[in-house]
Amino acid sequence: MGTRDPRIDAYIAKSAEFARPILTRLRAIVHEGCPEVEETIKWSMPSFEYKGLFCGMAAFKQHCTFGFWKHTLIVGDDPKAKEAMGSFGCLKQLSDLPSKPELLRYIKKAKQLNEDGVKVVKPKHKPKKPAVMHPMLEAALAKKKKALVNFEAFSPSAQREYTDWIAEAKTDATRDRRIAQAVEWLAENKPRNWKYMKC
């Protein structure tokens with residue numbers, strides 16, 4: 001027999017009024033379709049597990065979402081999934097949900113996939129091209145060896161954060177300001193978004 005988590009009761013209770021009936025119905029249908037499902041909270045959202053990650057739901061200010069962990073194997077390439085995270089796009093009212101028989105069919109399919117141990121094969125991403133350094137940044141770093149050494153020690157993605165930031169400048173003045181700032185931060189071995197990193 002499955003489990004119910006009181007934290008999900010609390011999550012639903014504190015959600016916006018429009019969201020409560022949506023979340024309540026989704027929860028009931030998940031339990032009906034997979035009585036062995038176990039409730040938990042993952043990533044601060046109600047989640048359901050059955051022999052591994054299964055599905056989850058969330059409420060936001062103006063919409064809810066519901067999604068299967070193995071979405072593409074269950075729902076396929078539904079364009080609604082591109083509207084919001086989850087399998088069925090933005091859910092703003094009960095009528096936005098698929099019909100109960102359709103949802104139960106999806107839940108039973110998800111259950112079977114987990115029972116069979118089926119894994120989702122993630123598409124391989126093409127490797128990104130190396131960061132292309134603006135000539136003026138290159139010249140500025142050549143004058144400040146410490147900044148250059150630190151830049152070269154950064155990962156390709158951390159380097160790209162700097163080079164893209166400079167390349168995106170719309171005016172020469174903005175670019176020059178960004179280059180000066182980049183050299184200063186690099187000399188201190190700071191990544192581009194150091195201000196937003198947790199200590």
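For the structure, see preceding data.
About the criteria used
Residues numbered from 1 in each chain as written. Predicted model: local features only at pLDDT ≥ 70, side-chain atom pairs only at ≥ 80, totals over all residues. Heavy atoms only, no water. Pairing = 2+ DSSP bridges. Helix = DSSP H or I, 4+ residues; strand = E, 2+ residues; numbered from the N terminus. Axes fitted to C-alpha atoms, helices over the stretch in contact; angles between N-to-C directions. Contact = heavy atoms within 4.5 Å.

## Observations concerning the sheet that holds strand β1 (residues 38–42)
Line of reasoning, step 1. Taken in spatial order, the 4 strands of this open sheet run β1-β2-β3-β4, and their pairing is antiparallel. The open sheet has two free edges, formed respectively by β1 and β4 (64–68), since each of these has just one partner strand. Each strand of the sheet is rotated relative to its neighbour by a mean of 20°, with strand direction disregarded.
Line of reasoning, step 2. The sheet contact formed by strand β2 (residues 45–49) and strand β3 (residues 53–59) spans 3 bridges and is antiparallel. Looking across to β3, one finds that Ser47 is bridged to Gly56.
Line of reasoning, step 3. Across the sheet, helix α1 (residues 6–14) is in contact with β1, β2 and β3; its angle to β1 comes to roughly 60°.
Line of reasoning, step 4. Helix α2 (residues 19–33) contacts β1, β2, β3 and β4 of the sheet and is inclined by roughly 165° relative to β3.

Purely spatial values, then, with no claim about function.
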